[in-house]
Each structure stands twice: as structure tokens, then as C-alpha cells.
Amino acid sequence: MKKSGIEITRHACLYETEPAYVTEQPLFLNSAIRGVTKLGPHELLSTLKKIEKELGRTKGIRYGPRPIDLDILFYGKYRINSEIVTVPHERIFERPFVMAPLVDLLGSAIDGDTVLRWHYFSKNGRFESWEKLGGEALIGKDGLRSVLPVNNQLWDWSKRTSVMGILNLTPDSFSVGGKFVSVGSAISRVKTMISEGVDIIELGAHSTRPMATKISVEEELDRLIPVLEKILKLSEIEGKLQPIDTFY
Ligand SMILES: Nc1ncnc2c1ncn2[C@@H]1O[C@H](COP(=O)(O)OP(=O)(O)OP(=O)(O)O)[C@@H](O)[C@H]1O
Ligand SMILES: Nc1nc2c(c(=O)[nH]1)N=C(CO)CN2
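All figures in this text were calculated on a predicted structure; none of them were measured in a lab. Throughout this document, residue positions are counted from 1 along each chain, in the order its sequence is written. In the order they appear in the text, chains get letters beginning with A and ligands get numbers beginning with 1. Thresholds applied to this predicted model are a pLDDT of at least 70 for local features of residues and 80 or more for the giving and counting of side-chain atom pairs; totals over whole chains, interfaces and linings are not thresholded and use all residues. To get the side-chain values, take all heavy atoms of the structure and skip hydrogens and water.

(A) Local environment of the site of ligand 2. Taken together, Thr17, Glu18, Pro19, Ala20, Tyr21, Phe28, Asn30, Tyr63, Arg66, Asp69 and Phe97 are the residues near ligand 2. For ligand 2, a nitrogen atom lies 2.7 Å from a polar atom in the side chain of Thr17. As used in this structure description, the phrase polar contact means that two N or O atoms lie within 3.5 Å; if the pair is within protein, one of them must be able to donate a hydrogen and the other to accept it, and residues adjacent in sequence are counted only when both atoms belong to side chains. At 3.0 Å from a nitrogen atom of ligand 2 is found a main-chain nitrogen or oxygen belonging to Ala20. Methods summary: accessible areas were calculated by the Shrake-Rupley approach with a probe of 1.4 Å, and residue burial reflects only the protein chains presented. In the complex, the protein chains occlude 94% of the 340 Å² of accessible area that ligand 2 would expose alone. Nearness of a residue to a molecule or strand requires only that one of the residue's heavy atoms be within 4 Å of it.

(B) Geometry of the packing of aromatic side chains. Any pair of Phe, Tyr and Trp rings, taking the six-membered ring for Trp, is counted once the centres come within 6.5 Å. Such a pair is stacked with planes under 30 degrees apart, edge-to-face with planes over 60 apart, and tilted for the rest. Tallied over the full model, the rule gives 5 aromatic pairs. When the ring of Phe74 is compared with that of Phe121, the centres are 6.1 Å apart and the planes differ by 15°; the resulting orientation is stacked. Taken together, the positions of Phe74 in the loop between helix H1 (41-54) and strand E5 (80-81) and Phe121 in helix H3 (residues 113-121) put the pair 47 residues apart, joining distant regions of the chain. Residues Phe74 and Phe121 agree in their burial class; the two are buried. Ring centres 5.2 Å apart and planes at 85° place the aromatic pair Phe247 and Tyr248 in the edge-to-face group. Buried residues are those whose accessible area, probed at 1.4 Å on protein chains only, stays under 20% of the maximum for their type, while exposed residues exceed 50% and partly exposed ones sit between those limits. Under the relative-accessibility criterion, Phe247 is labelled partly exposed at 35%. For Tyr248, a relative accessible area of 43% corresponds to the partly exposed category. Note on conventions: DSSP H or I runs of at least 4 residues are helices, E runs of at least 2 residues are strands, and numbering of each starts at the N terminus.

(C) Quick look at the domain arrangement of the chain. Here the chain is partitioned into domain 1 (2-156) and domain 2 (164-245). Each domain's extent was defined by an automatic or database domain assignment. Using only C-alpha atoms to locate each centre, domain 1 and domain 2 end up separated by 38 Å.

(D) View of the sheet that holds strand E11 (residues 244-245). Pairing in this open sheet of 3 strands is parallel, and the strands run E9-E10-E11 from one edge to the other. The open sheet terminates on both sides in strands that have one partner only, identified here as strand E9 (164-168) and E11. The pairing of E9 with strand E10 (residues 200-204) spans 5 bridges and is classified as parallel. Across the sheet, the residue bridging to Met164 is Ile200, located in E10. We call two residues contacting when some pair of their heavy atoms lies within 4.5 Å. Helix axes are fitted only over the stretch in contact, all axes being lines through C-alpha atoms; the angle between N-to-C directions runs from 0 to 180 degrees. Set on the sheet, helix H5 (residues 183-195) makes contact with E9 and E10; between it and E9 the angle comes to about 170°. Here, a strand pair is defined by DSSP locating no fewer than two bridges between the strands.

(E) Molecular detail of the nonpolar core. Within this scheme, the nonpolar core is defined by two criteria: the residues are buried Ala, Val, Leu, Ile, Met, Phe, Trp, Tyr or Cys, and they are joined through side-chain atoms within 4.5 Å. Formed by 20 residues in total, the largest nonpolar core has its most connected members in Phe74, Ile92, Leu102 and Trp130. Every element with two or more residues in this core is listed here: helix H2 (96-106) and H3. With 8 residues, H2 is the largest single contributor of residues to this core. Once you skip the residues sitting within four places of it in the chain, Phe74 turns out to touch Val87, Pro88, Ile92, Phe93, Leu102, Trp118 and Phe121. Of all hydrophobic cores here, the second largest spans 17 residues; its members include Ile194, Leu224, Val227 and Leu234.

(F) Quick peek at the environment of Ser185. Within the element layout of this structure, Ser185 appears in helix H5. Residue Ser185 is classed as partly exposed on the basis of its relative accessible area of 23%. With 29 residues separating them along the chain, Ser185 and Lys214 place their C-alpha atoms 23 Å apart.

(G) Fine view of the side chain of Ser146. With respect to the helices and strands, the residue Ser146 is situated in strand E7 (residues 144-150). Excluding residues within four positions of it along the chain, Ser146 makes contact with Leu14, Tyr15, Ile139, Trp155, Asp156, Trp157 and Ser158.

Okay, structure coming up:
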């Protein structure tokens, strides 16, 4: 996007959604971004079409499966109705898979004239349109799940809150510094956290506490790798997420 002259300033969550209109096709992934560009609306649309092509989009059936579909939802405060571009996009307010990411993107505050205008573009107001479709209650249902791509899989975090346990492999962190510096005690802590129901175990090996001792990349890796290797061999780790909060 950046090299095409579009600077992304915010992005919404990612949703896995039931296909609309043509229902016999795989699930879709939907999201929305907000950005800044010097491209005019027609130029912007042709740039998006070029990006779609680069990402493998070919002519397919209307509303059918496609590797990518980039639509312009709004363009500043403008209403445009040419043969080529219509903004606001004609079908925003009937589509939960558009409204959910839009609500993420814009939040509940109307911060400035542009967003106020977007609010009024919807006949009943943006929030009311979302409520009419079902609102927050839709998220987590099969047709609209918030997901996070991890390791070629989608982590569904819309059904319930995921619990993260943090394991500091440091002698000098804010909390529990020094407790889990040996591999054995770290592994036993991981097992306890899993038995207590965590979904995510985050490892950190460099303290960011003010005045903490700065260590080298090698030292950070030396603290992390032996523990990580052992964790990945645990049968209990199946289905859990294992992020690493690295310093370097
Ligand atoms: N705001 C807009 N964003 C994207 N395309 C638009 C817009 N307004 C008009 N169009 C026109 O719609 C045409 C079809 O777009 P596209 O191939 O993305 O359709 P679609 O993905 O099947 O349906 P939809 O756009 O409803 O999701 C484009 O060639 C474009 O000229
Ligand atoms: N869930 C979902 N369904 C769709 C989508 C889409 O983005 N998400 N796009 C379509 C073609 O524009 C047709 N149907």
C-alpha cells in the first residue's frame, strides 16, 4: 500500500465471515483500514485494482470467491457518483462483515468532521445501522468471528476472553524476577499455568524495567532458547499460543 501512495493510519480486527449473496463458497476474511492518500478517488480505485491483480485476482463470478477484494468505503467527506466509483460504497450498511470492522476502526467517538459525515451517510446513523444488523451480539457467532492469523491457522478470540500467562526468564523484572531462571523451574511454571487454564504463554527474557541491566542479543537468546525448546515438546502445549516478547 505504502509504495502505491496509500499510508495506513489505522486498521480494524480481522473477521472470518460467512459468505453473503453467493453462499456456496468458502468463508471470507474481512477487515477495514483507514488511510491517507494524495490519490484522487478514481486513481485510488485503479491503484486498488492493480494491487488486487498483483495479489492474484482474476475475473471471477459476481460475489464469488476471490483472493482479495479492495473496496473504497468512504473517501473523506465526499459523496461521489460516477460511472466508475460510488462512495460511500453502496452496500456498507447492509453488510455485517463491513460494519463490524468499521465500528472497530472508528470506535464510539465521533472525532472530527469527516467521521461525523460518515455517520450521517447512513440513513439512521452509523451506530443505529450496526445495532439494526445485530451489533456486538453478532461477533463470536459462526457468521462473524474475530480471528488472528497464527502459524497458518486462525486463532478465534471472539467467543471468550483468552487468558495469557507471562513467564519472565529474567533475574530482574518488575514482578517475580529471578524466580524462573532455571529451565526446570520455568517448565514447571508453564505446566502449572496450563493446568490453571491459560491459553497463551508469553515468554520474555529481557527486563524493560527502568534501570534494568541491558543484556546482549546472545544472552537474551541463551535465556530463551532452552526453555522454548522444552516447552514446544510438552504435550500440554497443544492448542496454546506461544508468543515471545523479545527485546532485540
Ligand atoms: N467504492 C467502490 N469501491 C470499489 N469498487 C467500486 C466502488 N464504487 C464502484 N465500484 C465499481 O464496482 C465494480 C465492481 O467491483 P468489485 O469487483 O469489487 O465487485 P464485487 O467485489 O463483486 O462487489 P462489491 O464491490 O459489492 O463487494 C468495480 O469495477 C468498480 O468500478
Ligand atoms: N462474508 C463476505 N461475503 C461476501 C464478501 C465479503 O467480503 N465477505 N464479498 C462479496 C463480494 O463483494 C460477496 N460476499
